[in-house]
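Residues per chain are reported as follows:
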Amino acid sequence: MTLPSHESGALDPRPLHARIAADLREEILSGELAAGTRLPSTAQLKDRFDASNATIQKAVHLLKDEGLAVGRAGAAVTVREARQRTVHPARSLTPAATGEEYPWLANASNRPSSVRSTVLSVEEVPVCGDVAEALGTAPGGTAVRRRQLITIDGEPAELVASHYPLDIARGTALAEPRRIRGGTPTLLTELGFPPRRSVDRVSARVATQEQYTALRLPGELPILRTLRTVYGDGDRPVEVTVMVKAGHLYELRYEFTPEA
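Residues numbered from 1 in each chain as written. Predicted model: local features only at pLDDT ≥ 70, side-chain atom pairs only at ≥ 80, totals over all residues. Heavy atoms only, no water.

Student: Which residues make up the packing of aromatic side chains, and what values go with them?
Tutor: Considering all chains together, one arrives at one aromatic pair under this definition. Judged by centre distance (6.4 Å) and plane angle (20 degrees), the ring pair of Tyr254 and Phe256 falls under stacked. Relative accessible area serves as the criterion here: at 35%, Tyr254 is assigned to the partly exposed category. For Phe256, a relative accessible area of 71% gives the class exposed. Lying across the ring of Tyr231, Arg197 places its NZ or CZ 4.3 Å from the centre. (Phe/Tyr/Trp six-rings, centres within 6.5 Å; stacked < 30°, edge-to-face > 60°. Buried < 20%, exposed > 50% of the residue type's maximum accessible area, 1.4 Å probe, protein only. Lys NZ or Arg CZ within 6 Å of the ring centre and 35° of its normal.)

What follows is the structure, encoded as structure tokens:
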């Protein structure tokens, strides 16, 4: 239910166009406004939200900038077909078959698309905070960090920073500034450190300057930050990765089986 603008405005200090965009965004992401359908007309939205034509246009422009709606001035605006992508975190530990793409990339989109991973940097760096804690390393300890940018159809999708213990990564392809065919689960297995278990900690946060720029975020929307710890034999951490996605374009799908 949408409160009248004078009531919602008393509780929500955001500008009216931002509040309107927020309501329409939720309807798009929930599927209430289905992919490929038209947004309500300007006249309908003006009546619904008790807003001016200019305010409605500003709200719709926000949705276009966010990639949730498409259309041009003077024409009907429709909900973008691929409005949200679903990521299946459980598939991340699956090693790829020889010569095949890393499963995360193969399943990153809900439709046929061009997915690419670009290595931004590979270096030994000091670690601190939750990354050091997850690795079991003292703050200021060193790890090999691989930073990558995942793009889908040429658009930034995810910023990834993976950290590896020095005794695992030094002298291997993990420490080289190039893509790893088949992904790191395959390589870790080959190195004798097969991934056995993964733990994700997912949070919504405000983007840093670097994240905002790298992901080309359209505004003050949250990012999804996943801190993933991958454990090998003996429950030893063999990889700790921080993954950042635009919060409005992705959902994470987890499946659980009740314990006996």
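Student: Residues and numbers for the sheet that holds strand E4 (residues 115–126), please.
Tutor: Overall, antiparallel pairing links the six strands, which are arranged E4-E5-E6-E9-E8-E7 in an open sheet. Strands at the two margins of the open sheet, each flanked by one partner only, are E4 and strand E7 (197–206). Adjacent strand axes in the sheet meet at a mean angle of 15 degrees when their direction is disregarded. (Pairing = 2+ DSSP bridges. Helix = DSSP H or I, 4+ residues; strand = E, 2+ residues; numbered from the N terminus. Axes fitted to C-alpha atoms, helices over the stretch in contact; angles between N-to-C directions.)

Student: Which residues make up the packing of helix H2 (residues 16–30) against helix H4 (residues 53–65), and what are the values?
Tutor: Where H2 meets H4, the axes come as close as 8 Å, and the angle between the chain directions of the two elements is 50 degrees. Accordingly, the angle class assigned to the pair H2 and H4 is oblique. Note that H2 runs across H4; the crossing there is right-handed. Together, Leu16, His17, Ala18, Ile20, Ala21, Leu24, Arg25 and Ile28 of H2 and Thr55, Ile56, Lys58, Ala59, Leu62 and Leu63 of H4 make up the contact between the two elements. Along the lines of polarity and charge, the residues of the contact of H2 with H4 split into 10 nonpolar, two polar and two charged. (Parallel < 35°, antiparallel > 145°, perpendicular 65-115°, else oblique. Left-handed = near helix turned anticlockwise from the far one by under 90°. Contact = heavy atoms within 4.5 Å. Nonpolar A, V, L, I, M, F, W, Y, C, P; charged D, E, K, R; others polar.)

Student: Requested: an account of the environment of Val160, with residues and values cited.
Tutor: Within the fold, Val160 resides in strand E6 (residues 155–165). Judged by its relative accessible area of 10%, Val160 falls in the buried class. Along the sequence, Val160 and Leu120 sit 40 residues apart, while their C-alpha atoms lie 9.5 Å from each other. Setting aside residues no more than four positions away along its own chain, Val160 makes contact with Arg146, Arg147, Gln148, Ile150, Thr241, Val242 and Met243.

Student: Now, about the pattern of salt bridges: what can you tell me, with residues and values included?
Tutor: According to the stated counting rule, one finds 15 salt bridges in the structure shown. Across the pair Glu27 and Arg48 runs a salt bridge, and its minimum N-O distance is 2.5 Å. Residue Glu27 is found in helix H2, and its partner Arg48 is found in helix H3 (residues 42–49); the two are separated by 21 residues along the sequence. Since its relative accessible area comes to 32%, Arg48 is described here as partly exposed. (Salt bridge = Lys/Arg side-chain N within 4 Å of Asp/Glu carboxyl O.)

Student: Hey, could you go over the confidence of the model for the protein chain for me, with residue numbers and the actual values?
Tutor: The predicted model of the protein chain has a mean per-residue pLDDT of 86, with 85% of residues at 70 or higher. The spread of mean pLDDT over the elements of the protein chain runs between helix H5 (residues 103–106), the lowest at 52, and helix H7 (residues 166–169), the highest at 97. (pLDDT = per-residue confidence, 0-100.)

Student: Residue-level account of unusual backbone geometry, with values.
Tutor: Keep in mind that most residues, glycine aside, have a negative phi and that most peptide bonds are trans. The phi dihedral of Asp50 is positive, around 55 degrees, even though this residue is not glycine. On the secondary structure map, Asp50 appears in the loop between H3 and H4. Look at Arg216: it is not a glycine, yet its phi comes out positive at around 55 degrees. On the secondary structure map, Arg216 appears in the loop between helix H9 (209–214) and strand E8 (222–231).

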